Amino acid sequence: MFSTGGEAVSSDDVRRIKERLDIVDVIGDYIRLKRSGGGFVGLCPFHDEKTPSFSVSPSRQTYHCFGCGQGGDLFSFVMQRENLSFREALELLARRAGVELSRDGGRQRERNLYDVMEKACSFYRSELEREGREGGRAAAYLDRREIPREAWRDFELGFAPKGWDGLWKRLTAEGFSFREAFDAGLVLEGRTGPYDRFRERVIFPVRDISGRLQAFGGRLVEGDGAKYVNSPEGVLYSKRRSLYLIGRAKEAARSRDRLILVEGYMDAIRLHLAGFEEAVASLGTSLTEEQAALIRRLTDLCYICYDSDAAGQDAAVRGMYVLRKAGLDVRVVELPAGKDPDALLSMPDGERLFARALESARPLVLHHLHIRREMLRTPEKRRRASEEIISGVASLSPVDLSPYLPAVEAALGVMRHEFIPLLEEERRRQSSRRDAHPSGNEPERPGPAQDAADVVEAALCALLWRDASLRRTADPVGIVSLLTDPRLQTLASALLTASSPAELEAGWLETGDSFPMRAIAAGGDYCEELGRASDPGPVLMEILSTRCLRREYDELKVILSRGEASDAQLLRFQELARQLKRGGRTAP
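About the thresholds
Every residue gets a number counted from 1 within its own chain, in the order that chain's sequence is written. Thresholds applied to this predicted model are a pLDDT of at least 70 for local features of residues and 80 or more for the giving and counting of side-chain atom pairs; totals over whole chains, interfaces and linings are not thresholded and use all residues. As a convention, hydrogens and water are excluded, and side-chain values are obtained from all of the structure's heavy atoms. By the convention used here, strands pair only if DSSP detects at least 2 bridges between them. Under the scheme used here, helices are H or I runs from DSSP no shorter than 4 residues and strands are E runs no shorter than 2 residues, and both carry numbers assigned from the N terminus. Throughout, a contact is declared for two residues whenever any of their heavy atoms are within 4.5 Å. Helix axes use the C-alpha atoms of the stretch in contact, all axes being lines fitted to C-alpha atoms, and the angles between their N-to-C directions lie in the range 0 to 180 degrees. Only protein chains enter the calculation, and the probe is 1.4 Å; a residue is then buried if its accessible area is under 20% of its type maximum, exposed if over 50%, and partly exposed in between. Definition of a polar contact: a pair of N or O atoms within 3.5 Å, with one able to donate and the other able to accept a hydrogen when the atoms are protein atoms, and with sequence-neighbouring residues admitted only if both atoms are side-chain atoms. Throughout this description, the term nonpolar core refers to a set of buried Ala, Val, Leu, Ile, Met, Phe, Trp, Tyr and Cys residues connected via side-chain atoms within 4.5 Å. Note: pLDDT gives the predictor's confidence per residue, expressed from 0 to 100. Criterion for a salt bridge: a side-chain nitrogen of Lys or Arg within 4 Å of a carboxyl oxygen of Asp or Glu.

Caption draft 1: Representation of the sheet that holds strand β5 (residues 54–57) in the model. Reading across the sheet, the five strands line up as β3-β4-β5-β6-β7 and stay open at both edges, with antiparallel pairing between neighbours. Looking at the sheet topology across the chains shown, the edges are occupied by β3 (34–36) and β7 (71–72). The pairing of β5 with strand β6 (residues 62–65) spans four bridges and is antiparallel. When the sheet's bridge partners are listed, V56 is paired in β6 with Y63. Strands in contact with helix α3 (residues 74–82) are β5, β6 and β7; relative to β6, the strand with the most contacts, it is inclined by about 55°.

This is the structure:
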C-alpha cells in the first residue's frame, strides 16, 4: 500500500489492471498504430512529426518515442495524454479493465463527475425498463422505430421521466451535490430549486473512445418542445471532439479499415444492428478537425452517409473537405431519394441496398461536381457553383487534387492554363485568412528530451525491471558500480531492494516522477535490439563492464601524464590496457 492524497492504493490494483489491459489497445484509442516486426509504430502524440518514431512493445507493455524521448507504460501514457493525476488514471483504467479498486479501512474514494454520469445512466436505464414493462410512451416510440428490446440494453438506452426532479431526487439520495450534478450537465437551477435537464425523452448515452460517459442526448417522445436536447459543453463534454458510438465502433473500424459516418443516433444504431459495426454519428452535419483526427486514429478511409436531402448533401461536402485536409480518403454515400440510413436499412432488402450504396460511393471532388451539375448548367448559378468548387479543391494538396483536375476543368469549362491561376489565387486567399485568424491550437513541438538517460545504462535497469531472478541474484554494489547516471543508480538500487516493481511504479506515478518509466521503456528498446542477435543480458553486462574499465583507464592515464602515478597505479594501468585489448578494444 502507498498513499495518494490520504487514500491508500494497493500495488495489486496496478498489477491487476495491467493483467487485463493491453497497452496496444489503450494507446490505439489515441493514435493509429501499425504493426512493425514484433511491435507497433505510429506518429507520436506528444510532439509534431510526419515520420513515425513512436513505438509500442506488446511483449514489454511499454512505449517509447525516439524523437522526443517520452516513454513508459499504459499508466504514464494515460496520465500524460489526458493530463490526469495517478489516482484519476488509475480509476479510468480500472473502469476500463473492470477492476474494483481496493479500499483502505472502508474509506470510500472521492467521487468525480464520471460517477455522477454513470449513476444518471443507471437511473435512465431503469426508467426505460419500467416503461417497457408498463407499455409506456418511450417503449412505444422505440417499438415503432423497430429497435429490439435487447438493443435497449446493448446501447444503454434510457428514459427521462416526465417529472421535473426525478433524477435530482435520485442523485441527492445517493449523496451527490448540486454542484456535481450541475457540472455534469444533468440539472439546472430554477427559482424553486434544481430541476432535471432531460424530461420525457428517450436517452442516448455518449461515451468517448475509451468508454467514459461524457454526455447524453434526449429525443422528445411526444408533445411540444425541441426534438433533441443534448448535454451542454463543459468539463466532460465537447461536441467537436465527440462521435456517438466511437467506443463500440473502434475495433470494427480497425479490422475493416474503414469508418461509416452518419448524422443521428438512430442511424448509427441501425447500422450496428445491420452488421455495419464500424458506424458512428457526428450528431450534426458540421464536422471538425478534432473529429477528423479522432477518425484517423482508426482508419484512413471514411464514408460519409448523411440524409439524401439537399441540406444533408451540402453539409456532407463541407465536412468532407475538413476530413480530407486531415489526410483521410473520404467517400460520400448517396442514398435513394427521401431515405436516411435508418429508413433504408429498415426496408426488407435494406442491407443489400446499403452495401451497394457503399460500393458506389464517390470520392471527394467527383461527388462535389456531381451535386453541383445542375447549378453549373444554369447561367445565374454557374458562377456561385464554380467559386464553391474552386474553394473546395484549393484546400487540397496538389497530389490529392491531381487525379481529378481533368474532371474539374471539364465541369467548369476552362482550360488548364486558365484554371491554375484561379486555383492559386484562391489558395492565397485561404492562406491569408488563416494568417489573419490563427487557430491557436498548434501542437507543442518539444525537442529531444533534455534529461534522457544513457540508453545502455537504462537497458540494465530495464533488465532488472522485467527479470525477477536477476533482481534476486544480482550483487547490488556490482550493479550500481556499472552505472554513471545518479538517477539510474537510484533506480537500480530501488529495483534491487523493493518488494515489487509494481509498488515502485505506483509511487513514481503518484509523485509525478516520469523519468524511471521513460528510462525503462528506452532501455527495453535497446535490449530488444541486442536480443535479435543473442541473449541481451551477457552482451549488456560486457558493454557496461568494458565501459567501467575504459573510465578507470582514462583516469589513470591522466594521472600518468602528470607524473603522479604510484607503482600500484602503473601496474593497474598496464593490466587495464591488456584487458581492453583482449576485449577487442585497443587502448589509445
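Read on for the rest.
Caption draft 2: Local environment of the pairing of β5. On β5, burial covers both faces: F54 and V56 on one face and S55 and S57 on the other are all buried. Judged from the three bridges that link them, strand β4 (residues 39–42) and β5 form a sheet pairing that is antiparallel. Bridged to V41 within β5 is S55.

Caption draft 3: Just the pairing of β4, in detail. As judged from the three bridges shared by β3 and β4, these two strands associate in the antiparallel manner. Residue S36 lies in a different strand from β4, and its bridge partner there is G39. Two successive antiparallel strands, β3 and β4, enclose a turn made up of two residues, where G37 displays a positive phi of approximately 65°.

Caption draft 4: Geometry of the side chain of T299. Relative to the elements of secondary structure, T299 occurs in the loop between α12 (289–296) and β16 (301–304). Using a relative accessible area of 0% as the deciding quantity, one classes T299 as buried. At a separation of 3.0 Å, a polar atom in the side chain of T299 contacts the side chain of D257. A polar side-chain atom of T299 sits 3.1 Å from the main-chain amide nitrogen of L301. Non-local contacts of T299, meaning those with residues more than four positions away in its chain, are made with R32, A253, D257, R258, L259 and L328.

Caption draft 5: Up close: the nonpolar core. Core analysis: the biggest nonpolar cluster contains 42 residues, and L142, L157, Y244, I260 and F354 have the highest contact counts within it. With five residues, the single largest contributor to this core is helix α11 (residues 265–273). Setting aside anything within four residues of it in sequence, one finds L157 in contact with R125, L128, L142, I147, A151, W152, I203, F204, Y244 and I269.

Caption draft 6: Here's a closer look at the confidence of the model for the chain. In the predicted model, the chain carries a mean pLDDT of 85, and 90% of its residues have values of at least 70. Under a pLDDT of 50 for its full length, residues 105–110 has, in the predicted model, eleven contacts with residues more than four places off or in other chains. The low-confidence segment residues 440–450 (pLDDT under 50) makes 13 contacts with residues lying over four places distant or belonging to another chain.

Caption draft 7: Focus on unusual backbone geometry. In this structure, E156 is a non-glycine residue whose phi angle is positive, near 60°. Note that E156 resides in the loop between α7 (149–154) and β8 (158–160). Its identity is not glycine, yet E200 carries a phi of approximately 55°, on the positive side. On the secondary structure map, E200 appears in the loop between β10 (193–196) and β11 (201–207). You can call E200 buried: its relative accessible area is 11%.

Caption draft 8: Focus on the environment of E387. Looking at the secondary structure, you find E387 in helix α18 (residues 379–394). Given a relative accessible area of 44%, E387 falls into the partly exposed group. With 66 residues separating them along the chain, E387 and Y321 place their C-alpha atoms 15 Å apart.

Caption draft 9: Structural context of the pattern of salt bridges. All chains considered together, the criterion is met by 47 salt bridges. Note that R416 and E409 form a salt bridge whose closest N and O atoms lie 2.3 Å from each other. According to the relative accessible area criterion, E409 is buried, its value standing at 8%. Here R427 ties to E424 by a salt bridge, and the two come within 3.5 Å at their closest N and O atoms. Placement of the pair is R427 and E424 together in helix α21 (residues 416–436), with a separation of three residues, close to one helical turn.

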